[in-house]
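Take a look at the letters that make up each chain.
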Amino acid sequence: MCQVGEDYAEPAPGEPSPAPRPSREQKCVKCKEAQPVVMIRAGDAFCRDCFKAFYVHKFRAMLGKNRLIFPGEKVLLAWSGGPSSSSMVWQVLEGFPQGEVAPCPALPGSVKGAAFGKSLEERSKTLAEVKPILQATGLPWHVVALEEVFSLPPSVLRCSAQEPAGSEGAYKAAVDSFLQQQHVLGAGGGPGPTQGKEQPPQPRLDPQSLARPPAAAQTEALSQLFCSVRTLTAKEELLQTLRTHLILHMARAHGYSKVMTGDSCTRLAIKLMTNLALGRGAFLAWDTGFSDERHGDVVVVRPMRDHTLKEVAFYNRLFSVPSVFTPAIDTKAPEKASIHRLMEAFILRLQTQFPSTVSTVYRTSEKLVKAPRDGPAASDSSPCCLLCMCALDVDAADSATAFGAQTSSRLSQMQSPTPLTETRTPLGPCCSPGVGRVQGCGQGACRREDPQACIEEQLCYSCRVNMKDLPSLDLLPPYMLAEAQLRTQRAWVLQEIQDCLIEDSDDEAGQS
C-alpha cells in the first residue's frame, strides 16, 4: 500500500553509490577463510587477524624501507592524544621488540588550552585523562605546556651541524650487532626471550613536576598572541610553528636524534594542497616527506604516512587503542573559515566521490625531491626562515617573483632626496623596545627605524604573508625576537667588513 510522503525516486546520478557491505558468503581477501570484519576499499575485505598483520606490516615496512632509525636509537614520539599519534605509539610498543628502539612519548599539544581559551580546570581534566594512558605504556614521558615557548632559548632556531647519514652498510652492521647482542643475551642461561627483553632501568622524570600549571604571565602572553592574530589561517600556522619549536627543544634537551609524528596519509594529502595554497611549494618535500632534516641534528620522521584515517579509525576501534579528544583551534569552524578547513573539506568531499583522490595526491608527494636551488641558497651558510626554518629563497630586486616585487617596492620607498648623512641619522632609538637593546648595538645594525621590516626580511614568502595578520610582532615569544636581532646584527657586521675579506679564487678553492 502506498503511503503519504513516501519517496520512491531513484538516487541522483551524481551521487556516489553506497559501498558494498561484506556478505556472509564473502571471505577475507588475505586468508580466504575467515569472515571479514572491515572493508578498507571496495573489494578489500579483511578479517581481524589479517587486518592487524596488514596494518603492522605497513608501519614496519615504512621504517625498514627508509632505514633512518638504527637499532637502540633514542626516538621521541610526539603524541598529541589523537587517533593517529595514539596508533603510532601502540605500533612502536607492539611492532618492535623492546630494546630495538628507545621510544619516549611526549605530549606537546594537549595542554595548549591557553590558545583556545580553556580554563585551568578544563586543562587539569584533560591531563587527568592523559596520565593513565601514558603510564600504561611503561615508557618515560614528558608533558609540555605550550606556554613554555616563552622560555625557549634563541638557539632553538639555529640549525645544528648534521651528522653524515649512515650508509646501507652501516645500517646492516648496526642490525647485525643488535641481533648478535640479543642472541648472546638469550643464550646466556635461563629463559632466552625473557632475559633478552630485560633492559636497564631508564631514568624517569617525575610527571607531577612536569604537569604543574605554567606561569600566569606566560599564559596571558600566549592568549594575547593568539587573540591578536586576525585570521584563522595564520593562527593555525603559528600554532604549528610553536609546537614544532617546542618539540625540537625537547628532543635536543633530552638527547633524542629522531622525532616520530603521527601524520597519516590523509592528513599529508590535505597538507600538501594547503601548503601549495599558502605559497610553500618549494618546501613540500620537507613538509610532507617521510623525513624532515631541516633542523640538522634532529630528524622528524612520519612512519604513519601510508595509513589512511579510515584504516587508523578501524584499527583503534578493533584493538581498543585509547585516545584523548582535545578540541583543535578550528573545531566547529565553518568550511570557509581558513585555507586549512577549505582544503580539508575539498579533499574529503572529493574522496567520497573518487576513492583514489587521497592516494593520488599522496603518491604525487612521494615523487618530490629535496633538491637545493642553485646559487647562494644551496650553500651551507644559506639563510633560513626565522619561523619554519626552511631555506630562504632570496631573489634579486629585478626578478619576476614575489620576493623581487617586495624588494623593488621596498627600495622605491627607501629612496629619498635627503643627503646621506641625514638618512643615517635615525629618528628614534636603534632597537625597538619590544626587541630589546643589546649591549654594543650600533645605529647601523638595524639600518632602519622599523624593526618589523628587519624581521620580515628573515621570513620566507609564506611566513611573511601569515605575519601580516599579526598587528605587532612584539607579541612574539622573546626567543624569536632575540634571534632576529642577532641575525640582523651579524648581517650588518658582515656587510661592513666585506671589503676587508680575502676571497679564495676558483683555482685555490678547487685545490683545497
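Everything numeric in this text was worked out from a predicted model, so none of it was measured.

What counts as what
- Residues numbered from 1 in each chain as written.
- Predicted model: local features only at pLDDT ≥ 70, side-chain atom pairs only at ≥ 80, totals over all residues.
- Heavy atoms only, no water.
- Helix = DSSP H or I, 4+ residues; strand = E, 2+ residues; numbered from the N terminus.
- Expected span 1.5 Å × (residues − 1).
- Buried < 20%, exposed > 50% of the residue type's maximum accessible area, 1.4 Å probe, protein only.
- Contact = heavy atoms within 4.5 Å.
- Phe/Tyr/Trp six-rings, centres within 6.5 Å; stacked < 30°, edge-to-face > 60°.
- Core = buried A, V, L, I, M, F, W, Y, C linked by side-chain atoms within 4.5 Å.
- Axes fitted to C-alpha atoms, helices over the stretch in contact; angles between N-to-C directions.
- Parallel < 35°, antiparallel > 145°, perpendicular 65-115°, else oblique.
- Left-handed = near helix turned anticlockwise from the far one by under 90°.
- Polar contact = N/O pair within 3.5 Å; in protein donor to acceptor, adjacent residues only side chain to side chain.
- Disulfide = S-S within 2.5 Å.

Peer 1: Where do I start with helix 12 (residues 339–353) in this structure?
Peer 2: Residues separated by three or four positions in an α-helix point in the same direction, a consequence of the helix having 3.6 residues per turn. Taking 1.5 Å per residue, 15 residues should reach 21 Å; helix 12 reaches 21 Å between its end C-alpha atoms and fits that length. Buried within helix 12 are the following residues: H340, R341, M343, E344, A345 and I347. Buried residues along helix 12 sit against helix 8 (232–253), helix 9 (265–277) and helix 13 (357–366).

Peer 1: Got a minute to help me understand the packing of aromatic side chains in this structure?
Peer 2: Following the criterion strictly, the structure yields four aromatic pairs and no others. A ring pair is formed by F46 and F54, whose centres lie 5.1 Å apart and whose planes are at 20°; its orientation type is stacked. With a relative accessible area of 24%, F54 lands in the partly exposed category. Aromatic pair Y315 and F319: ring centres 4.8 Å apart, planes at 40°, arrangement tilted. Accessibility assignment for this pair places Y315 and F319 in one class, buried. Three or more aromatic residues link up through ring pairs in this structure, and these residues are F51, Y55, Y315 and F319.

Peer 1: Quick question: what am I supposed to make of unusual backbone geometry here?
Peer 2: Both trends apply: most residues other than glycine have a negative phi, and most peptide bonds are in trans. For R67, which is not glycine, the phi dihedral falls at a positive 55°. With respect to the helices, strands and loops of the structure, R67 is situated in the loop between helix 1 (48–66) and strand 3 (73–78). By relative accessible area, R67 is classed as partly exposed at 30%. Although it is not a glycine, S320 sits at a positive phi angle of roughly 55°. Within the fold, S320 resides in the loop between helix 11 (309–318) and helix 12.

Peer 1: Honestly, the nonpolar core in this entry has me stumped. Any pointers?
Peer 2: Soluble globular proteins: nonpolar side chains tend toward being buried together. By size, the foremost hydrophobic cluster in this structure holds 49 residues, and its most contacted members are V149, L242, V259, L476 and Y479. Of all the secondary structure elements, the ones that give two or more residues to this core are strand 3, helix 7 (216–228), helix 8, helix 18 (461–467) and helix 19 (478–496). Looking at this core element by element, the count peaks at 10 residues for helix 8. Each residue touching V259, except ones within four places of it in the same chain, is listed here: L76, A78, I247, A251, V298, V299, V300 and V301. One finds V38, F46, I270 and V361 within the second-largest nonpolar core, a separate group that totals 44 residues.

Peer 1: Hey, could you run me through the environment of K30 in this one?
Peer 2: Tracing the backbone shows K30 in the segment before strand 1 (38–41). Expressed as a C-alpha distance, the spacing of K30 and F51, which sit 21 residues apart in the sequence, is 8.7 Å. Aside from chain neighbours lying at most four places away, what touches K30 is F46 and C50.

Peer 1: Where do I start with the side chain of E344 in this structure?
Peer 2: In this structure, E344 sits in helix 12. Using a relative accessible area of 15% as the deciding quantity, one classes E344 as buried. Excluding residues within four positions of it along the chain, E344 makes contact with R267 and I270.

Peer 1: Looking at this structure, how should I read the packing of helix 1 against helix 11?
Peer 2: In the contact formed by helix 1 and helix 11, the axes pass within 11 Å of each other and the chain directions differ by 125°. Taken together, the axes of helix 1 and helix 11 lie oblique to each other. Between helix 1 and helix 11 lies a crossing whose hand is left-handed. Across the interface between the two elements, R48, F51, K52, F54, Y55 and K58 from helix 1 touch E311, V312, F314, Y315 and L318 from helix 11.

Peer 1: Help me understand the side chain of D292 in this model?
Peer 2: Counting through the fold element by element, D292 comes out in strand 7 (residues 291–292). Overall, D292 belongs to the buried group, its relative accessible area being 4%. In this structure the side chain of D292 is engaged in a polar contact, spanning 2.9 Å, whose partner is the side chain of R294. Apart from residues no more than four positions distant in its own chain, D292 is found in contact with W286, V298, V299, V300, R302 and K370.

Peer 1: Would you explain the state of the cysteines in this entry?
Peer 2: Each disulfide consists of a covalent bond between the sulfur atoms of two cysteine residues. On inspection of all chains with the given rule, the structure shows zero disulfides. Left unpaired, C384 is separated from the closest cysteine sulfur, that of C159, by 4.4 Å.

This is a description of form; function is not addressed.
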